[in-house]
There are 2 protein chains.
Amino acid sequence: MRLTPIMERYVLHWGEMGQRWGVNRSVAQIHALLYLSPRPITAEEVAETLGLARSNVSTSLKELQGWQLVTLTHVLGDRRDHFESKKDLWELLLTIVEERKRREIDPTLTMLRQCMLEAEEDKETPAEIKERIGKMLGFIETLSDWYVQVSRLPKSTLVALMKMGGKVARFVGRRHRPAA
Amino acid sequence: MRLTPIMERYVLHWGEMGQRWGVNRSVAQIHALLYLSPRPITAEEVAETLGLARSNVSTSLKELQGWQLVTLTHVLGDRRDHFESKKDLWELLLTIVEERKRREIDPTLTMLRQCMLEAEEDKETPAEIKERIGKMLGFIETLSDWYVQVSRLPKSTLVALMKMGGKVARFVGRRHRPAA
DNA sequence: GCTCGAGTTCTGTTTCAACAGAAGTTTCGG
DNA sequence: CCGAAACTTCTGTTGAAACAGAACTCGAGC
């Protein structure tokens, strides 16, 4: 695929930012390209367009599939795999958050819970420190529960809530007397 | 400072997770230690406790200060700098999100806006692709605006909203007839 | 103004992930 | 079956970040 200057800018930027987001450059660039592409494209085409080794593209596409961000499709009369990115940005966001929660938050919750269990019969650790750990556990649990509930709302509700921005605050503690 | 087994577990886990969160091990471990510590501690003490080089600790503390997560304090009659971590977890979260937004989202918004500007007089790029970029811009702007508004709410409101979880959805589109 | 404690910056080493290219595997048409 | 196309896995290289230790700077007290 031929990249126009704008597309090139987009893809390169995504690649750079990927680093900060904890995604490697190849993966981020490929995802950017697939997001822009109006049609599913082959690994070969990705490699050519972005100047990456075919093997690298293969691995990266596997990773993107693992994140559920890219799916494999087929085109009639073509043996090759074609790849396509999720286009709905809300879905994209929820998928990413879901996955990051699973990889980055859940293990921490497990660890914190174990710490609290052990803490009960541990005489060494000062109470103050145990409390800190407990606070952290409670906090992350709150965030986590909130996310689980919110992520289950229908997309339209989610959008509406977002659009309300800070205005949702009106309803807090005034559930029977909402602001007009 | 002497680390009890529980503290050690906590600190080590934080260090490992740091990697996934995009923070290096030393920085994450030091932050964990400071969070647990009941009192401000010196760089020297951090280095000894965690088995890190003094230079490494110095650099890492600088970084933590840059993130506004750690502050420098002094103890009467002691020339040395003592360090202390933010303890309020809501503040901690908002600080981190704020900073990440600044570093990871704002530059992307800038790039996307430039793309859209250029797109107006660009004949090369297919309309469909321009639209994709526009969608992405709109989406990130929405999220960003939402965050700015929400982050300005008082902490107590924020906590109340969180605790409501998915129940906030009740108010969407029924602002004059809220569920009982 | 010398010394010593505290902190920072510099320099070289180490470690790890990203990546290219080669080798290997699978699948499909003939 | 055979060959070639498509894809994956393996292997070695490269590059960047993390880190230790040394050198350096700064300031306070004598």
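Let me sum up the structure you'll find in this document.

The rules behind these values
- The residue numbering used here restarts from 1 in each chain and proceeds along that chain's sequence as written.
- Here chains are named by letter from A upward and ligands by number from 1 upward, in the order in which they appear as written.
- Local features in this predicted model are restricted to residues of pLDDT 70 or higher, and side-chain atom pairs are both shown and tallied only at a pLDDT of 80 or more, whereas totals for entire chains, interfaces and linings draw on every residue.
- For each residue, a C-beta atom is placed from the backbone, and the residue counts as near a molecule or strand when that atom lies within 6 Å of it.
- Helix and strand labels come from DSSP, where a helix needs a run of H or I of at least four residues and a strand needs a run of E of at least two; each type is numbered from the N terminus.
- Under the convention adopted here, Pro, Cys and the residues Ala, Val, Leu, Ile, Met, Phe, Trp and Tyr are nonpolar, Asp, Glu, Lys and Arg are charged, and Gly plus all remaining residues are polar.
- Whether two strands pair depends on DSSP finding at least two bridges between them.
- Here the contact rule is simple: place C-beta atoms from the backbone, and any two residues whose C-beta atoms are within 7 Å are in contact.
- Here an axis means a line fitted to C-alpha atoms, over the contact stretch when the element is a helix, while the angle between two N-to-C directions is reported on a 0 to 180 degree scale.
- We superpose the copies by least squares over the C-alpha atoms of residues that have a pLDDT of at least 70 in both of them.
- Comment: burial labels come from other C-beta atoms within 10 Å of the residue's own C-beta, placed from the backbone, where a count of 20 or more is buried, 12 or fewer is exposed, and between is partly exposed.
- Here the word oblique covers every angle except those under 35 degrees (roughly parallel), over 145 (roughly antiparallel) and from 65 to 115 (roughly perpendicular).
- In this scheme, a helix's expected span is set at 1.5 Å multiplied by one less than its residue total.
- To obtain the bend at a residue, axes are fitted to the seven residues ending there and to the seven starting there, and the angle between these axes is taken.

Overview of the protein's contact with DNA strand C
Item 1. With respect to spatial proximity, 18 residues lie near DNA strand C, and among them Ser 26, Ala 53 and Ser 55 of chain A together with Ser 55 and Asp 81 of chain B are the closest.
Item 2. The set of elements that each furnish at least two residues to the surface near DNA strand C consists of α2 (25–36) and α4 (54–66) of chain A together with α3 (43–50) and α4 (54–66) of chain B.
Item 3. Sort the elements by how many residues they give to the surface near DNA strand C and α4 of chain B lands first, with 4 residues.
Item 4. Partitioned by chemical class, the residues of the surface near DNA strand C number 3 nonpolar, 8 polar and 7 charged.

Overview of the environment of Arg 100 of chain B
Item 1. Among the structural elements, Arg 100 of chain B can be located in helix α5 (residues 89–120).
Item 2. In this structure, the C-alpha to C-alpha distance between Arg 100 of chain B and Trp 67 of chain B, residues 33 residues apart in sequence, is 9.4 Å.

Some thoughts on the sheet that holds strand β3 (residues 81–85) of chain B
Residues and elements named next belong to chain B.
Item 1. A sheet is described by the order of its strands in space; here 3 strands give the open sequence β1-β3-β2, paired in antiparallel fashion. Every interior strand has two partners, whereas the edge strands, β1 (41–42) and β2 (70–74), have only one.
Item 2. Along the sheet face, helix α2 (residues 25–36) touches β2 and β3 and points at about 85° away from the line of β3.

Examining the relation of the copies chain A and chain B
Applying a rotation about an axis and a shift along it to one chain copy brings it onto the other copy.
Item 1. Note on the copies: chain A fits chain B at an RMSD of 0.0 Å, the axial shift is 0.0 Å, and the rotation between them is 180°. Given the turn and translation reported, the copies of this chain are related as if by a two-fold rotation axis. It is Gly 22 of chain A whose C-alpha, among those of chain A, lies nearest the rotation axis, at 2.9 Å.
Item 2. A high fraction, 100%, of the interface residues of chain A reappear at the interface in chain B, so the copies pair face to face through one surface.

Focus: the interface of chain A and chain B
Item 1. Across the contact, 52 residues belong to chain A and 52 residues belong to chain B.
Item 2. Listing elements by their share of the side of chain A that touches chain B, those giving two or more residues are α1 (5–21), α2, α5 (89–120), α6 (127–151) and α7 (155–164) of chain A.
Item 3. Here the side of chain A that touches chain B takes 12 residues from α6 of chain A, the largest share from any one element.
Item 4. Of the residues belonging to the side of chain A that touches chain B, the class tally is 28 nonpolar, 11 polar and 13 charged.

Some thoughts on the pairing of strand β3 (residues 82–85) of chain A
Two faces, one strand: in a regular strand the side chains alternate between the faces of the sheet.
All names here are of chain A.
Item 1. Side chains Phe 83 and Ser 85 of β3 all project onto a buried face; the interleaved residues His 82 and Glu 84 project onto a face where none is buried.
Item 2. Across 2 bridges, strand β1 (residues 41–42) lies against β3 in antiparallel orientation. Looking at the pairing, Ile 41 lines up with Phe 83 of β3.
Item 3. Where strand β2 (residues 70–73) and β3 come together, 4 bridges link them in antiparallel fashion. Looking at the pairing, Thr 71 lines up with Glu 84 of β3.

Concerning the packing of α2 of chain B against α4 of chain B
All names here are of chain B.
Item 1. Direction vectors running N to C along α2 and α4 enclose 75°, while the axes themselves pass 9 Å from each other. The orientation of α2 relative to α4 falls into the category roughly perpendicular. The residues of α4 that touch α2, namely those facing Ser 26, Val 27, Ile 30 and His 31, are Asn 56, Val 57, Ser 60, Leu 61, Glu 63 and Leu 64.
Item 2. Grouping the amino acids of the contact of α2 with α4 by side-chain chemistry returns 5 nonpolar, 4 polar and 1 charged.

Focus on the protein's contact with DNA strand D
Item 1. As a structural note, the neighbourhood of DNA strand D is formed by 17 residues, with Ser 55 and Asp 81 of chain A together with Asn 24, Ala 53 and Ser 55 of chain B the closest of them.
Item 2. Secondary structure elements with two or more residues in the surface near DNA strand D: α3 (43–50) and α4 of chain A together with α2 and α4 of chain B.
Item 3. Among the elements that take part in the surface near DNA strand D, α4 of chain A stands out by supplying 4 residues, more than any other.
Item 4. Per-class residue counts for the surface near DNA strand D are 3 nonpolar, 8 polar and 6 charged.

What about α5 of chain B?
Item 1. Counted at 1.5 Å a residue, the expected span for α5 of chain B with its 32 residues is 46 Å, and the 45 Å between its end C-alpha atoms agrees.
Item 2. Approximately 40° is the largest bend angle found in α5 of chain B, and it occurs at Lys 101 of chain B.
Item 3. Every buried residue of α5 of chain B is accounted for by Thr 108, Leu 112 and Cys 115 of chain B.
Item 4. Against α1 of chain A together with α6 (127–151) of chain B lie the buried residues of α5 of chain B.

Some points on the pairing of β2 of chain B
Residue and element names in this part refer to chain B.
Item 1. Bridge count for β2 against β3 is 5 bridges, and the pairing is antiparallel. Within β3, the position partnered with Thr 73 by the bridge is His 82.
Item 2. Linking β2 to β3, which pair antiparallel, is a turn of 6 residues; within it Gly 77 sits at a positive phi near 75°.

What to know about the sheet that holds β3 of chain A
Strand pairing in a sheet relies on backbone hydrogen bonds, with the paired strands running either antiparallel or parallel.
Item 1. Here we have 3 strands laid out as an open sheet, ordered β1-β3-β2 (chain A), and antiparallel in their pairing. What marks the edges here is a single partner per strand, and that holds for β1 and β2 of chain A.

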